[in-house]
Amino acid sequence: MSESLNIAVIPGDGIGPEVIAEAVKVLKKATEQSDAPLVLTDYKLGAEHWLETGETLPEETLEALKTHDAILFGAVGAAPGDTRIPSGLIEREMLLKLRFSLDHFVNLRPAKLYPGVPSPLAAPGDVDFIVVREGTEGPYVGNGGALRVGTPHEIATEVSVNTAYGVERVVRDAFRRANERDRKHVTLVHKHNVLVYAGHLWRRTVEAVAAEFPNVTHDYLHVDAATIFMTTNPSRFDVIVTDNLFGDILTDQAGAITGGIGLAASGNINMDRTAPSMFEPVHGSAPDIAGQQKADPTAAILSVALLLDHVGLPKAARRVEEAVESDIASRDEMTDPRTTAEIGDAIVAALA
Ligand SMILES: NC(=O)C1=CN([C@@H]2O[C@H](COP(=O)(O)OP(=O)(O)OC[C@H]3O[C@@H](n4cnc5c(N)ncnc54)[C@H](O)[C@@H]3O)[C@@H](O)[C@H]2O)C=CC1
Ligand SMILES: CC(C)CC(=O)C(=O)O
Ligand SMILES: [Mg+2]
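All values derive from a computational prediction rather than experimental measurement. (Residues numbered from 1 in each chain as written. Chains lettered and ligands numbered in written order. Predicted model: local features only at pLDDT ≥ 70, side-chain atom pairs only at ≥ 80, totals over all residues. Heavy atoms only, no water.)

Participant: So what exactly am I meant to see when it comes to the UniProt feature "site: Important for catalysis" (unreviewed entry) in the protein chain here?
Facilitator: Feature annotation in UniProt assigns "site: Important for catalysis" (unreviewed entry) to the following positions: Tyr140 and Lys191. Positionally, Tyr140 belongs in the loop between β5 (128-134) and β6 (144-147). In this view, Tyr140 contacts Leu96, Phe100, Arg133, Asn244, Leu245 and Asp248; residues no more than four positions away in its chain are not counted. In this structure Lys191 touches Tyr220, His222, Val223, Asp224 and Phe246, once residues within four positions along its chain are discounted. (UniProt positions renumbered as here; feature names shortened; annotations may be inferred. Helix = DSSP H or I, 4+ residues; strand = E, 2+ residues; numbered from the N terminus. Contact = heavy atoms within 4.5 Å.)

Participant: What's the story with the pairing of strand β3 (residues 70-75) in this structure? I'm lost.
Facilitator: Remember that side chains alternate between the two faces of the sheet whenever the strand is regular. Among the 6 residues that make up β3, 6 are buried, leaving the element largely enclosed by the rest of the structure. Pairing geometry for strand β1 (residues 5-12) and β3, over 5 bridges, is parallel. Bridge pairing in β3 links Gly12 to Ala75. Two elements, β3 and strand β12 (residues 277-281), share 3 bridges in a ladder whose sense is parallel. Note on β12: the bridge partner recorded for Ile71 is Met278. (Buried < 20%, exposed > 50% of the residue type's maximum accessible area, 1.4 Å probe, protein only. Pairing = 2+ DSSP bridges.)

Participant: Before we go on, may I ask you to explain the packing of aromatic side chains in this structure?
Facilitator: For the structure shown, the criterion picks out 2 aromatic pairs. Arg236 extends its terminal NZ or CZ atom over the ring of Phe229, reaching a point 4.3 Å from the ring centre. The positively charged end of Arg236 is found above the aromatic ring belonging to Phe237, 5.9 Å away from the centroid. (Phe/Tyr/Trp six-rings, centres within 6.5 Å; stacked < 30°, edge-to-face > 60°. Lys NZ or Arg CZ within 6 Å of the ring centre and 35° of its normal.)

Participant: Explanation requested: the site of ligand 2 in the structure shown.
Facilitator: The full set of residues close to ligand 2 is Glu91, Leu96, Arg99, Arg109, Arg133, Asp248 and Val282. A distance of 2.9 Å separates an oxygen atom of ligand 2 from a polar side-chain atom of Arg99. Between ligand 2 and Arg109, the relevant distance is 3.1 Å, taken from an oxygen atom to a side-chain nitrogen or oxygen of the residue. Classifying every residue of the shell around ligand 2 gives 2 nonpolar, no polar and 5 charged. (Near = heavy atom within 4 Å. Polar contact = N/O pair within 3.5 Å; in protein donor to acceptor, adjacent residues only side chain to side chain. Nonpolar A, V, L, I, M, F, W, Y, C, P; charged D, E, K, R; others polar.)

Participant: How should I be thinking about the environment of Gln292 in this particular structure?
Facilitator: As for its placement among the helices and strands, Gln292 is situated in the loop between β12 and α9 (298-310). Take Gln292: its relative accessible area is 37%, and that puts it in the partly exposed class. Residues Gln292 and Val117, 175 residues apart in the sequence, show an inter-C-alpha distance of 23 Å. A distance of 3.3 Å separates a polar atom in the side chain of Gln292 from the backbone oxygen of Asp288.

Participant: In this structure, what is going on with the site of ligand 1? I would like to understand it.
Facilitator: Taken together, 22 residues lie around ligand 1, and Ala78, Glu91, Gly284, Ala286 and Asp288 are the ones closest in. In the environment of ligand 1, an oxygen atom lies 2.4 Å from a nitrogen or oxygen atom belonging to the side chain of Glu91. The separation between a nitrogen atom of ligand 1 and a polar main-chain atom of Asp296 is 2.9 Å. Starting from 810 Å² of accessible surface for ligand 1 in isolation, the protein chains cover 69%. Looking at the shell around ligand 1, the elements that each hand over two or more residues are β3 and α4 (89-101). Its residues assigned to classes, the shell around ligand 1 comprises 12 nonpolar, 5 polar and 5 charged. (Areas by Shrake-Rupley, 256 points an atom, 1.4 Å probe, with all protein chains shown as cover.)

Participant: Quick question: what am I supposed to make of the sheet that holds β5 here?
Facilitator: The mixed open sheet is built from 10 strands, whose spatial order is β2-β1-β3-β12-β11-β4-β5-β10-β8-β9. Either end of the sheet is taken by a strand with one partner, and the two such strands are β2 (38-42) and β9 (217-222). Each strand axis lies, on average, 20° off the axis of its neighbour in the sheet, ignoring direction. Sheet topology places strand β4 (residues 106-112) next to β5; 7 bridges connect them, and they run antiparallel. The partner of Lys112 across the bridge, within β5, is Asp128. Across the face of the sheet, helix α5 (residues 164-179) comes into contact with β4, β5, β8 (185-190), β9, β10 (239-242) and β11 (265-269) while running at roughly 165° to β5. Running at roughly 170° to β8, helix α6 (residues 196-210) makes contact with β5, β8, β9 and β10 of the sheet. (Axes fitted to C-alpha atoms, helices over the stretch in contact; angles between N-to-C directions.)

Participant: I would appreciate a short explanation of the environment of Pro314 in the present structure.
Facilitator: Structurally, Pro314 is set in helix α10 (residues 314-329). Placed 216 residues apart in sequence, Pro314 and Leu98 show a C-alpha to C-alpha distance of 26 Å. Apart from residues lying up to four places away in sequence, Pro314 is in contact with Leu308 and Asp309.

Participant: How should I be thinking about unusual backbone geometry in this particular structure?
Facilitator: Backbone phi values are negative for most residues with the exception of glycine, while trans is the configuration of most peptide bonds. Phi is positive for Arg148, close to 50°, though the residue is something other than glycine. Considering the arrangement of structural elements, one finds Arg148 in the loop between β6 and β7 (155-158). For Arg148, a relative accessible area of 48% puts it in the partly exposed group. Here the phi dihedral of Gln293 falls at roughly 55°; this positive angle occurs in a residue that is not glycine. In this fold, Gln293 is placed in the loop between β12 and α9.

Following this line, the structure appears as structure tokens:
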């Protein structure tokens, strides 16, 4: 870490700026006592920025982002029906470009049922697992195309790319994390009964890496079955490792069973530290509630805890997590009646 803690802040679109305002309050409070002064730099990116400027992620912005210790990100993207913005443009040319360029190969998404959180599960049990989602490959790389567009004979492809290098490094990360946890168990989630080329690569890689970790057990689930167990018996999971697409979908489900997407945090991590990692809530820009102070900022605030851990401030990270935990325990309604800012202020107060 440099002498100061230099954090880039990308609030983005929709509820992004609302939840990031609260996350920033918490970040400031949590680092108040730190030796390294906090320096925040705002970057305007996203769908609204594209409408204003025609820019997605200019090279100079990308280069500037690389100079920071970490990035705090809100969410980007327009409402699905917004015809002013080509669908996928911002997600691919801005968000995924950032994750790929900064080599965020570990997309870490913890799922924890905090005490007091109402859950749709029949028997909630001890839900505390992490999803290690591959972040730079899979079907999200833009390897596809379309022929005879708009005709009855249109053919569209979106080819998933899985490299031995990419799969191995994320699988090894999952085993390392499992090795540090109590239950020491990795579940590979894929669909190797159908997606045989990619699936077999993932399976062989897990077997090979598992041999290096004799204390870690592992099993396998097809992704469709994994969604059942995530609902009926999530306590069976400790560390899930999976590809970019399956991980995206499963972590929305993981959010839903642990109190809602408004609580689900994530880190896009460059484990080699060759570029800054980026921390963001799992959710998107939620156009349906944007601008109404209805969004729960907790996911963004828990993402701050992940950021603090990453930049070498684990004590500050634990304090943020504890403040969130105590705030959550005090909630007695399924839908929190407080505004976004009121929740942020309460968590800052709990930190103090
Ligand atoms: N990392 C990112 O920037 C992501 C961006 N997106 C983009 O966001 C836009 C909306 O996508 P959706 O599929 O609707 O997913 P979404 O996650 O934005 O919203 C899904 C549902 O969850 C609710 N929700 C989300 N965050 C919440 C919060 N903090 N508190 C309370 N409720 C919350 C929303 O109101 C909505 O009903 C799209 O443009 C999409 O591409 C989607 C996912 C991730
Ligand atoms: C919008 C996608 C690129 C990202 C997403 O849904 C996610 O990372 O959860
Ligand atoms: Mg998603």
